[in-house]
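Listed below, chain by chain, are the residues.
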Amino acid sequence: MAVPEDKERERVYKVVLLGNSPVGKTSFVERYVNNRFRDTCELTIAADFAVKVLHRNGDTIKLQLWDITGQESAAQFTSACYRGAAGCIIMFDLTDRQSFKDVRKWKLDLDSIVRNRGKNLPCLLLANKSDLGQRCATIDEINAMSKDNGFSNWIAISVKENKLVSQSMDRLVDILIAEDVGNDVEERSDNECDGSLLELKQFAVA
Ligand code: GDP
Ligand code: MG
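Residues numbered from 1 in each chain as written. Chains lettered and ligands numbered in written order. Predicted model: local features only at pLDDT ≥ 70, side-chain atom pairs only at ≥ 80, totals over all residues. Heavy atoms only, no water.

With respect to spatial proximity, 20 residues lie near ligand 1, and among them Thr26, Ser27, Arg38, Asp39 and Asp131 are the closest. Arg38 places a main-chain nitrogen or oxygen 2.8 Å from an oxygen atom of ligand 1. A total of 590 Å² of accessible area belongs to ligand 1 in isolation, and the protein chains cover 91% of it. Among the elements that make up the shell around ligand 1, the one with the highest residue count is helix H1 (residues 25-34) (three residues). A per-class count over the shell around ligand 1 returns six nonpolar, eight polar and six charged. (Near = heavy atom within 4 Å. Polar contact = N/O pair within 3.5 Å; in protein donor to acceptor, adjacent residues only side chain to side chain. Areas by Shrake-Rupley, 256 points an atom, 1.4 Å probe, with all protein chains shown as cover. Helix = DSSP H or I, 4+ residues; strand = E, 2+ residues; numbered from the N terminus. Nonpolar A, V, L, I, M, F, W, Y, C, P; charged D, E, K, R; others polar.)

Right, here's the structure in full:
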């Protein structure tokens, strides 16, 4: 009798995207998931959600990308969205010094709310808009920001020119697989964030 092949495993990883507005978080998800770029800027209300399916070594990887607003006023809603996350991306804009300075605040915020098996989540630091040819921080400063705040790594990218976008996600997925952290993540319909999101949308409409 033939031996059945190993059943393909499915892993679900929830990844949250953080950083000030408008560093390019929504554009990053749009580029990564749909390979599109828009020059217009639309404010994200609370959080948006996208899924990208990858195949690695015979396994299916479902990435849930949570694009969370950078607005202070939504802070109490967005922190609920961190729950169940397996990994994180914190983004700043290479032309905006304040967005770089605030990276530390975002990382501390995340680490104070969500841990997995007693450890901080794997987190990548992305320096976006490299196409504009400006650098609001020196390489040494970015290295220090990355190291001192426990980032896995940092990468300069351009969502506009599609430079190192999918490669940076690949890097994060490699880390998630190596740490095998995401398998107990709930599907979105069970996620507590939905209630908060709905509330905020109603609040925004009122
Ligand atoms: P968010 O607030 O962080 O979600 O930022 P958005 O994704 O809405 O982007 C804000 C603005 O930055 C938009 O006008 C985008 O077109 C622009 N943008 C995003 N990524 C890049 C990039 O890599 N290069 C340049 N030049 N502009 C970008
Ligand atoms: Mg946005």
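Here we come to the packing of aromatic side chains. What the rule picks out here adds up to three aromatic pairs. Above the ring of Tyr32, the side-chain terminus of Lys52 is found at 4.7 Å from the ring centroid. Positioned over the ring face of Phe151 is Lys107, at 5.6 Å from the centre of the ring. (Phe/Tyr/Trp six-rings, centres within 6.5 Å; stacked < 30°, edge-to-face > 60°. Lys NZ or Arg CZ within 6 Å of the ring centre and 35° of its normal.)

For the rest of this paragraph, the subject is the pattern of salt bridges. According to the stated counting rule, one finds 13 salt bridges in the structure shown. Across the pair Arg97 and Glu141 runs a salt bridge whose closest N-O atoms are separated by 3.0 Å. On the criterion of sequence distance, the pair formed by Arg97 in helix H3 (residues 97-101) and Glu141 in helix H5 (residues 139-148) is long-range, its members being 44 residues apart. Owing to a relative accessible area of 35%, Arg97 belongs among the partly exposed residues under this scheme. One salt bridge in this structure joins Glu161 and Lys163, with 3.0 Å as the shortest N-O distance. With a relative accessible area of 46%, Glu161 lands in the partly exposed category. One network of salt bridges, in which partners are shared, links Arg9, Arg11 and Asp59. (Salt bridge = Lys/Arg side-chain N within 4 Å of Asp/Glu carboxyl O. Buried < 20%, exposed > 50% of the residue type's maximum accessible area, 1.4 Å probe, protein only.)

Okay, H1 next. Three or more residues of H1 are buried, namely Lys25, Phe28, Val29, Glu30, Arg31 and Tyr32. Immediately downstream of H1, the backbone of Asn35 shows phi near 50°, a positive value.

On to unusual backbone geometry. At the junction of Ser21 and Pro22, the peptide bond is cis and its omega measures out at 0° in the coordinates. On the secondary structure map, Pro22 appears in the loop between strand S1 (10-18) and H1. Positive phi, normally seen in glycine, also occurs at Asn35, with a value near 50°. By secondary structure assignment, the location of Asn35 is in the loop between H1 and strand S2 (47-56). Located in the positive-phi region is Asn57, a residue other than glycine, with phi close to 50°. By the element assignment, Asn57 lies in the loop between S2 and strand S3 (59-68).

With that out of the way, let us pick up the layout of surface pockets. What the largest pocket holds in volume is close to 770 Å³. Listing elements by their share of the lining of the largest pocket, those giving two or more residues are H1, S2 and S3. Among the elements that make up the lining of the largest pocket, the one with the highest residue count is H1 (seven residues). For the lining of the largest pocket, the per-class residue count stands at 13 nonpolar, ten polar and ten charged. (1 Å grid on protein atoms, 1.4 Å probe; cavity = no way out; pocket = protein on both sides within 12 Å on 5 of 7 lines; lining within 4 Å. Points joined across faces, edges and corners; volume = space filled by probe spheres on them.)

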